[in-house]
Amino acid sequence: GIILKIDYNGDTVMTFQIGNSDTLYNYIYGRNSDDFFRTCMVTDDGNILVAGETQSYGADNIYDYDLWLIKFTTNLDTLWNKQYSLPDTMLGMDYAYGKKISDGGIVIPGYQHYYTSANYQFMLSAFDSSGNLKFHKQVLPQYRGQFLGAVQTSDNGFIASGIKYNIINNDD
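Residues numbered from 1 in each chain as written. Predicted model: local features only at pLDDT ≥ 70, side-chain atom pairs only at ≥ 80, totals over all residues. Heavy atoms only, no water.

**So, the nonpolar core**
Core analysis: the biggest nonpolar cluster contains 12 residues, these being Met 41, Leu 49, Ala 51, Leu 67, Leu 69, Trp 80, Tyr 84, Leu 91, Ile 106, Ile 108, Met 123 and Phe 127. Listed by contribution, the elements that provide at least two residues to this core are strand E4 (48–54), strand E5 (66–72), strand E6 (78–84), strand E9 (106–114) and strand E10 (120–127). (Core = buried A, V, L, I, M, F, W, Y, C linked by side-chain atoms within 4.5 Å. Buried < 20%, exposed > 50% of the residue type's maximum accessible area, 1.4 Å probe, protein only. Helix = DSSP H or I, 4+ residues; strand = E, 2+ residues; numbered from the N terminus.)

Next up, the structure:
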């Protein structure tokens, strides 16, 4: 994954010293696997939270992706780096993005995809402001699809929306 900080005009890249004084202000996180940041937000304490998917922290096979959260200061100093994993399971966000929730954490819509199955299953996860898992639910197991958006409601519940895949069974 890559994170880049620019100024309020969007046209001046800040510099940061990593080895020499003219290094552009960007960090490469993760390792040699597929790592994606899908969303970022400013948290209630003024820091930055990014979320996405990673294979760099203990993936069991090429189908195993974990949810990935990193919290930074506004100077991009890492406060914490956490992953949430289910064995042999892809936990994906695809084109979904997370939203801030009332306790300063994040709700993440997406899908689960088990190593032994071709089916995508609806998934919704929430984390508190310290990156601790509040819940992870695979919902609507009778359907195949993925959530692309989720928001917290005034009663502290959640509404999620997404894509339902139609499965055509051809026994010929």
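**What about the confidence of the model for the protein chain?**
This prediction gives the protein chain a mean pLDDT of 75; 67% of its residues lie at or above 70. Counted against residues more than four places away or in other chains, residues 11–27, with its pLDDT under 50, gives 32 contacts. (pLDDT = per-residue confidence, 0-100. Contact = heavy atoms within 4.5 Å.)

**Regarding the environment of Asn 81**
Within the secondary structure layout, Asn 81 lies in strand E6. C-alpha separation for the pair Asn 81 and Val 50, spaced 31 residues apart in sequence, amounts to 9.8 Å. With near-sequence residues (within four places) excluded, Asn 81 lies in contact with Tyr 57, Trp 68, Leu 69 and Ile 70. Side chain to side chain, Asn 81 and Trp 68 meet in a polar contact 2.9 Å long. (Polar contact = N/O pair within 3.5 Å; in protein donor to acceptor, adjacent residues only side chain to side chain.)

**Quick look at the packing of aromatic side chains**
The tally for this structure, following the rule as stated, stands at 5 aromatic pairs. For the ring pair Tyr 120 and Tyr 165, a centre distance of 6.3 Å and an interplane angle of 90 degrees mean the geometry is edge-to-face. Taken together, the positions of Tyr 120 in strand E10 and Tyr 165 in strand E13 (residues 158–165) put the pair 45 residues apart, joining distant regions of the chain. When the ring of Phe 135 is compared with that of Phe 158, the centres are 5.5 Å apart and the planes differ by 65 degrees; the resulting orientation is edge-to-face. Residue Phe 135 is found in strand E11 (residues 133–138), and its partner Phe 158 is found in strand E13; the two are separated by 23 residues along the sequence. By relative accessible area, Phe 135 is classed as partly exposed at 21%. Classification of Phe 158 by relative accessible area gives partly exposed; the value is 26%. Within the aromatic cluster, the residues linked to one another by ring pairs are Tyr 111, Tyr 120 and Tyr 165. A cation over an aromatic ring shows up here: Lys 82 above the ring of Trp 80, its NZ or CZ 5.3 Å from the ring centre. (Phe/Tyr/Trp six-rings, centres within 6.5 Å; stacked < 30°, edge-to-face > 60°. Lys NZ or Arg CZ within 6 Å of the ring centre and 35° of its normal.)

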